[in-house]
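Geometric and topological summary
What follows is each chain in one-letter form.
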Amino acid sequence: MSENNSNPDTKNRRNFLTVATTAVGAVGVGAVVWPVISQMNPDSSVKALASIEVDLSKIKEGQEITVLWRGKPVFVKRRTKEEITSAEKVDLKELKDPQPDNKRVKKSEWLVLVGVCTHLGCVPISGKGDYGGWFCPCHGSHYDSSGRIRKGPAPTNLEVPTYEFVGDNKIKLG
Amino acid sequence: MSSNDSNFNQNEIKPVHTNKVGGSPFKGVVGWIDNRLPIIRMFKYEYLDFQVPKNLSYLWSLGGILMICLIFLIVTGLVLGMHYKPSSSEAFVSVEKIMRDVNYGWLLRYAHMNFASFFFIAVYIHIFRGLYYGSYKEPRQLMWLIGITIFFLMMATAFLGYTLPWGQMSYWGATVITNLFSAVPLVGKAIVTWLWGDYSVGDSTLNRFYVLHWLLAFGILGIVIFHVIALHIVGSNNPSGVEPIDTRDTVSFAPFTTSKDLFAMLIFLLAFVLITMYAPNYLGHPDNYIPADPLITPAHIVPEWYFLPFYAILRSIPDKLLGVIAMVSSIAVLGLLPWLDLSKVRSAVFRPIWKQFVFLFVLDFFILMYVGGMPAEGIYVLISRVGTIYWFLFFLVIAPLVSLTEKTLPMPNSIHEYENWKKQGKIKTLKIF
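Residues numbered from 1 in each chain as written. Chains lettered and ligands numbered in written order. Predicted model: local features only at pLDDT ≥ 70, side-chain atom pairs only at ≥ 80, totals over all residues. Heavy atoms only, no water.

Overview of unusual backbone geometry
For the bond running from Glu-138 of chain B to Pro-139 of chain B, omega is 5°, close enough to zero to count as cis. Relative to the helices and strands, Pro-139 of chain B is located in the loop between α5 (105-132) and α6 (141-163). Backbone torsion omega between Ala-254 of chain B and Pro-255 of chain B reads 5°, so that peptide bond is classified as cis. A positive phi angle is found at Arg-70 of chain A, which is not glycine, with a value near 55°. (Helix = DSSP H or I, 4+ residues; strand = E, 2+ residues; numbered from the N terminus.)

Printed below as a string of structure tokens:
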């Protein structure tokens, strides 16, 4: 044994074997751990329900409906002229998460928002708060008529979900 | 094989003892077993003959009381688990079935609910005891850290358990707390979706929370065993903060400490029974008897009472990420105390300045608990901010500063001298302390 140890050739071979075994072992551990972690992500049946269609024809001006999408409420609001102009008039410098109103809507009459407060996930209440939009009862975040955060602990604006108009009076969420 | 084998260096050969059978102080069958599995002598040495300071007050009974709570929680949890169904469509109904149809189901569930609360009552007194008498100081730092770990696990377990009845508070509590992880930069949202197994708290979330509730319950049990092993190495602290020297300072664990602890447990269980029988829902929230509804957030979300001080700290900070960091740090900072408080004197009995800050800290805890249950507006926000500032000031500034500048009172040389001083009225302590 002592003879083998001093032979540089054997030493290199042994180092190579150590590195190679460790590498194969690491890949093996990764391959075992990954499925155990990944199984916790949304499964196929959850993902399959990820898109729905919403009929807009019955919503009157100023009215808002809430639909359930991916287990979360989505607000679909047909905004009044005043709400649209007040949302467009806001100086972007005043905003915590600056975003112009026209970047948040596809047609300015229709505002579509994920009804989940960006602070800690409560459902904001419509028509309350200091900015004519929504108010979250949990920790006091105020949103304006474009769903933008104006006051309170929420860090960002109410999220606009991925959607598209499929016809004049219908949208597809997701 | 010959012992002259040239492959072995004669000087390096040492005998080995892989067979350790023997050494039991017992005879007969008990001795035969103990020689092969030395748990009986361990019990004798560690629980019967074990020497503890003779001046332990009732505040030292909380350890045993906590053990009782944990055992009762595991037993009631086990039988509740035989009737509960962890799915979003059945959970609420199965809990109502436990309350109405299952034999003694109402008793078992109310007991489980209230034992959780009493577990926290006991753990808060236990932590106060450690804080007041300097039980976190050399050589007990590791024990203190294990204790803080248990406290973290208890909070996680209690949170997961509160989700299971799938009422409005369960659902929205779970939503708010899991969303704390969304404050993590970049990967926050992915983490939350991963925790949920969905795009919101839902069926998958409930199912895994049920499994994790079990896992953590037994995790606590495991770490409690470490806590106790560590205790039996460093020994109990005592109101004087002076280490025992000889048999004048100590008594045997049995029957002296055991009988005192049993009496304390009896009083504790009496209080538990009174609440469980006469006001079983007093410590809970009525909204949790409304089935979970993902479209309606209750007007006023409050966590269970034992989370309120930390919830107040979370809400006192107007920034999401900083709020979460403050809340987690407010507990983690307890773990730094052994290295922040530099005083050589353990017991606050001999630390007139520190003692007052400790009592102020206790007051701060209750004030934060109060404002944590109030809406986050107006004066309550201000109070919670002041309370949060004092919380961190206490650990990070007051503890080191006081420990370096305070003039401590003269110390007794031993526990029996401490007891004599007490009898002579030289030391003022409350009877229970």
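Details of the sheet that holds strand β8 (residues 149-151) of chain A
All names here are of chain A. Pairing is antiparallel across the open sheet formed by 4 strands, whose spatial order is β5-β6-β7-β8. Only two strands of the sheet have a single partner each, and these edge strands are β5 (125-126) and β8. One ladder, built from 2 bridges, connects strand β7 (residues 141-144) with β8; its direction is antiparallel. Directly across from His-142, in β8, lies its bridge partner Lys-151. (Pairing = 2+ DSSP bridges.)

Describing the pairing of strand β6 (residues 132-136) of chain A
All names here are of chain A. Bridge count for β5 against β6 is 2 bridges, and the pairing is antiparallel. Residue pairing in the sheet places Ile-125 in a bridge with Phe-135 of β6. Between β5 and β6, which pair antiparallel one after the other, the connecting turn spans 5 residues, and Gly-127 there sits at a positive phi close to 75°. In terms of strand pairing, β6 meets β7 through 4 bridges, oriented antiparallel. Its bridge partner being in β7, Phe-135 is matched across the sheet by His-142. Here β6 folds back onto β7 in antiparallel fashion, the turn holding 4 residues, of which Gly-140 has a positive phi close to 75°.

Remarks on the layout of surface pockets
Residues and elements named next belong to chain B. The computed volume of the largest pocket comes to approximately 1,300 Å³. In terms of lining residues, the largest pocket is bounded by 47 residues, among which Gly-63, Met-143, His-227, Val-228 and Leu-231 are the most central. Elements supplying a minimum of two residues to the lining of the largest pocket: α2 (39-48), α3 (62-81), α5, α6, α9 (203-234) and α10 (253-278). Here the element with the most residues in the lining of the largest pocket is α9; it accounts for 8 residues. (1 Å grid on protein atoms, 1.4 Å probe; cavity = no way out; pocket = protein on both sides within 12 Å on 5 of 7 lines; lining within 4 Å. Points joined across faces, edges and corners; volume = space filled by probe spheres on them.)

Quick notes on the packing of α3 of chain B against α9 of chain B
Packed helices, taken two at a time, are described by the angle their axes make and the gap between the axes. Residues and elements named next belong to chain B. With their axes 11 Å apart at the nearest point, α3 and α9 run at an angle of 155° to one another. By the angle between their axes, α3 is roughly antiparallel relative to α9. For the crossing formed where α3 meets α9, the hand is left-handed. Here Met-67, Leu-70, Ile-74, Gly-77, Leu-78 and Gly-81 of α3 lie close against α9, whose contacting residues are Tyr-210, Trp-214, Ala-217, Phe-218, Ile-220, Leu-221 and Val-224. (Axes fitted to C-alpha atoms, helices over the stretch in contact; angles between N-to-C directions. Parallel < 35°, antiparallel > 145°, perpendicular 65-115°, else oblique. Left-handed = near helix turned anticlockwise from the far one by under 90°. Contact = heavy atoms within 4.5 Å.)

Side note on the side chain of Lys-320 of chain B
Along the chain, Lys-320 of chain B turns up in helix α12 (residues 320-340). Polar side-chain contacts of Lys-320 of chain B include one of 2.8 Å to the side chain of Ser-182 of chain B. (Polar contact = N/O pair within 3.5 Å; in protein donor to acceptor, adjacent residues only side chain to side chain.)

Some points on the UniProt feature "transmembrane region" (unreviewed entry) in chain A
Look at the UniProt record and you will see "transmembrane region" (unreviewed entry) annotated at residues 16-37 of chain A. End C-alpha atoms of residues 16-37 of chain A are separated by 31 Å, and the span's content is 100% helix alongside 0% strand. (UniProt positions renumbered as here; feature names shortened; annotations may be inferred.)

Some details on the interface of chain B and chain A
Counting residues at the interface gives 27 residues for chain B, matched by 27 residues for chain A. Interface area, chain B with chain A, both sides summed: about 2,300 Å², of which 62% is carbon and sulfur. Considering only the surface of chain B that becomes buried against chain A, Trp-194, Tyr-199 and Lys-320 of chain B emerge as the three largest contributors, covering 32% of it. At the junction of chain B and chain A, the tally comes to 1 salt bridge. The partner of Lys-189 of chain B in a salt bridge is Glu-159 of chain A, with the nearest N and O atoms 3.1 Å apart. Between the two partners, chain B and chain A, sit 11 residue pairs in polar contact (both at pLDDT 80 or more). Of all elements in the fold, only α7 (168-179), α8 (188-196) and α11 (308-316) of chain B reach the threshold of two or more residues within the side of chain B that touches chain A. When residues in the side of chain B that touches chain A are grouped by element, the largest group, 5 residues, is from α7 of chain B. (Buried area = accessible area lost by both parts, 1.4 Å probe. Salt bridge = Lys/Arg side-chain N within 4 Å of Asp/Glu carboxyl O.)

Here's the deal with the domain arrangement of chain A
Segmentation of chain A into domains returns domain 1 (1-41) and domain 2 (47-173). Between the C-alpha centres of domain 1 of chain A and domain 2 of chain A the distance comes to 53 Å. (Domains from an automatic or database assignment.)

Describing the packing of aromatic side chains
The geometry of two aromatic rings is summed up by the distance between their centres and the angle between their planes. All names here are of chain B. In total, this model carries 43 aromatic pairs over all chains according to the counting rule given. Measuring from centroid to centroid gives 6.5 Å for Phe-50 and Phe-253, while their planes differ by 65°, and the two rings are edge-to-face. Of the two residues, Phe-50 is situated in the loop between α2 and β1 (51-53) and Phe-253 in helix α10; the sequence distance between them amounts to 203 residues. Since its relative accessible area comes to 11%, Phe-50 is described here as buried. Their ring planes at 50° and their centres at 5.1 Å tell us that Tyr-84 and Tyr-210 sit as a pair that is tilted. Linking Tyr-84 in the loop between α3 and α4 (91-100) with Tyr-210 in helix α9, this pair joins segments that are 126 residues apart in sequence. According to the relative accessible area criterion, Tyr-210 is buried, its value standing at 14%. (Phe/Tyr/Trp six-rings, centres within 6.5 Å; stacked < 30°, edge-to-face > 60°. Buried < 20%, exposed > 50% of the residue type's maximum accessible area, 1.4 Å probe, protein only.)

What to know about empty space enclosed by the protein
All told, the structure shown has 2 cavities of 30 Å³ or more when counted by the stated rule. By volume, the largest cavity amounts to about 50 Å³. Lining of the largest cavity is provided by Ala-312, Arg-315, Val-371, Pro-375, Ala-376, Tyr-380, Val-381 and Ser-384 of chain B. Of all elements in the fold, only α11 and α14 (379-405) of chain B reach the threshold of two or more residues within the lining of the largest cavity. If one sorts the elements of the lining of the largest cavity by residue count, α14 of chain B sits on top with 3 residues. Size it by volume and the second largest cavity reaches roughly 30 Å³. Taken together, Lys-77, Arg-79, Glu-83, Gly-132, Gly-133, Trp-134 and Ser-145 of chain A form the lining of the second largest cavity. For the lining of the second largest cavity, a count of residues per class yields 1 nonpolar, 3 polar and 3 charged. (Nonpolar A, V, L, I, M, F, W, Y, C, P; charged D, E, K, R; others polar.)

As for the nonpolar core
By size, the foremost hydrophobic cluster in this structure holds 127 residues, and its most contacted members are Phe-120, Tyr-124, Phe-151, Trp-354, Trp-391 and Phe-395 of chain B. Residues in contact with Tyr-124 of chain B, not counting those within four places in the same chain, are Phe-151, Trp-305, Tyr-306, Phe-310 and Phe-365 of chain B. Val-54, Val-67, Tyr-163 and Phe-165 of chain A belong to the second-largest nonpolar core, a separate cluster that totals 15 residues. (Core = buried A, V, L, I, M, F, W, Y, C linked by side-chain atoms within 4.5 Å.)

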